[in-house]
Amino acid sequence: MARIKILVTGGAGFIGGNFVQYMVNKYPQYDIYNLDLLTYAGDLTKHRDIENNDNYHFVKVDIANREQIITLFEKVKFDYVAHFAAESHVDRSITDPEIFVRTNVLGTQVLLDAARKVGVKKFVHVSTDEVYGELDFDPTTFFTEETPLQPNSPYSASKASSDLLVRAYHETYGLPINITRCSNNYGPFHFPEKLIPLTISRILNDEKVPVYGDGKNIRDWLHVLDHCAAIDLVLHEGISGEVYNVGGHNERTNLEVVKTIINTLGKSEDLIEFVTDRLGHDKRYAIDPTKLEKLGWKPTFTFETGIAQTISWYLDNKWWWEQIISGEYQQYFKKQYSIIAD
Ligand code: NAD
Ligand code: DAU
């Protein structure tokens, strides 16, 4: 019997990278293809433990390169696509929105055309809770799959646009799809420009941690491995055409998150530095995951167990993040945080 071929776009990034490792190890009977352009956010060193596995393959392509993408799909004839590749950082979308439209909107459309051409069995589009906009601080309100799309940043607007294209390819052409909308992820191999890995890496180096505004904005944190399990389930069992929210009810203010990391590492809260707020900073995100739970998903980490595991991982894997925060990353940090750059 022919082996099942799964294309994972963005498999050199944070969540896509964790998903590639999860799938390569869980399904030796599948061929897992990691497709990635290797932008600043992508690196292959994270895959050193699986790169020689027979069921792991890597291909360097830009998802917006129509000719190369169509040629690849026609050659390999993927059965399933899990689409993670994107420009993913809100702050970068505020300073340079154009690449977000190119990659997240046009790139997704190219992939949809290719998927339609070869007749994939399922296209899972990995999206985000940020497409719903923001909630106020009333703890009884949540994003459901029926919440209207009201993106506030160029990043979330580009993701919402791609969601609409995915939906349209299902309605118009009958392409089998699912859209997942997950809350904030954290865990191993998280690029250190995002809040949690930024805080851990800077605290470990006794450097100041920038907290935007008053630190009271709320995010709903999910360990990346729980997100991987959700995508695996949706890929195999999701009802075509459906949207699934992913989240584990782990709401924390940014200040709570930063203080938890500082206290776990036994450092001083004087390392916190309040800096100018993010433009259009969404107040609160919170997911109602009932629909996905009914499909059979349940998170395995609480925020407490997940953050402890993540801090240990960063302590044990300095080899990975120390190479990332040298070089180009230094330029980004100085530009983004002129106030505390040393
Ligand atoms: P990331 O920035 O860590 O990784 C993105 C990957 O995509 C990188 O490896 C990069 O090289 C690759 N890429 C970028 N442009 C490309 C292109 N043109 N062609 C091919 N590859 C390209 O992102 P992440 O945090 O792992 O997020 C993955 C997906 O999950 C994104 O679609 C994001 O919107 C979504 N998401 C992220 C979170 C989160 O908390 N990080 C939460 C919900 C949803
Ligand atoms: O909600 C899902 C989204 O989560 C994903 O779609 C995005 O791809 C992902 O990057 C993430 O977006 P956020 O903007 O929420 O994540 P970030 O880590 O950049 O910021 C988390 C919170 O911390 C946010 O309220 C801004 C704040 N923050 C962030 C940074 C980088 C700070 O206070 N200081 C910082 O230096």
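Above: the structure in question.
Conventions and cut-offs
Residues numbered from 1 in each chain as written. Chains lettered and ligands numbered in written order. Predicted model: local features only at pLDDT ≥ 70, side-chain atom pairs only at ≥ 80, totals over all residues. Heavy atoms only, no water. Helix = DSSP H or I, 4+ residues; strand = E, 2+ residues; numbered from the N terminus. Rg over C-alpha atoms; globule rule 2.2 N^0.38 Å. Buried < 20%, exposed > 50% of the residue type's maximum accessible area, 1.4 Å probe, protein only. Pairing = 2+ DSSP bridges. Axes fitted to C-alpha atoms, helices over the stretch in contact; angles between N-to-C directions. Contact = heavy atoms within 4.5 Å. Near = heavy atom within 4 Å. Polar contact = N/O pair within 3.5 Å; in protein donor to acceptor, adjacent residues only side chain to side chain. Areas by Shrake-Rupley, 256 points an atom, 1.4 Å probe, with all protein chains shown as cover.

Asks: Would you mind going over the overall build of the chain in detail, with residue names and values included?
Replies: Within the chain, the secondary structure is distributed over 12 helices and 12 strands. What you see for the chain is a C-alpha radius of gyration of 19 Å, in line with the 20 Å of a compact globule of 342 residues. Considering only C-alpha atoms, the chain reaches an extent of 60 × 45 × 35 Å along its principal axes. The buried share of the chain, reckoned over its 342 residues, is 57%.

Asks: I'd like to hear about the sheet that holds strand β10 (residues 243–246), residue by residue, with values.
Replies: Sheet strands pair via backbone hydrogen bonds, and the direction of the pair is either parallel or antiparallel. Here we have seven strands laid out as an open sheet, ordered β3-β2-β1-β4-β5-β6-β10, and parallel in their pairing. On the outer flanks of this sheet lie β3 (56–60) and β10, each paired with one strand and no other. Ignoring which end each strand starts from, the neighbouring axes of this sheet average 20° apart. Strand direction decides the pairing type here: strand β1 (residues 4–9) and strand β2 (residues 30–36), joined by six bridges, are parallel. Pairing of K5 across the sheet is with D31, part of β2. Against the sheet, helix α1 (residues 14–26) engages β1, β2, β3 and β4 (80–83), with an angle of about 165° to β2. Relative to the sheet, helix α5 (residues 154–173) contacts β5 (122–128) and β6 (177–182), its axis offset from that of β5 by approximately 155°.

Asks: Give a description of the site of ligand 2 that names residues and reports values.
Replies: Near ligand 2, the surroundings consist of 23 residues, among which D129, Y155, R278, H281 and Y337 are the closest. Backbone polar atom of S88 to an oxygen atom of ligand 2: 2.8 Å apart, as the coordinates give it. At 2.6 Å, a side-chain N or O of Y155 approaches an oxygen atom of ligand 2. Isolated, ligand 2 exposes 680 Å² of accessible area, and the fraction of that covered by the protein chains is 95%. Secondary structure elements with two or more residues in the shell around ligand 2: α3 (90–95), α6 (195–204) and β8 (209–212). Examining the composition of the shell around ligand 2, we find that three residues originate from one element, β8, more than from any other.

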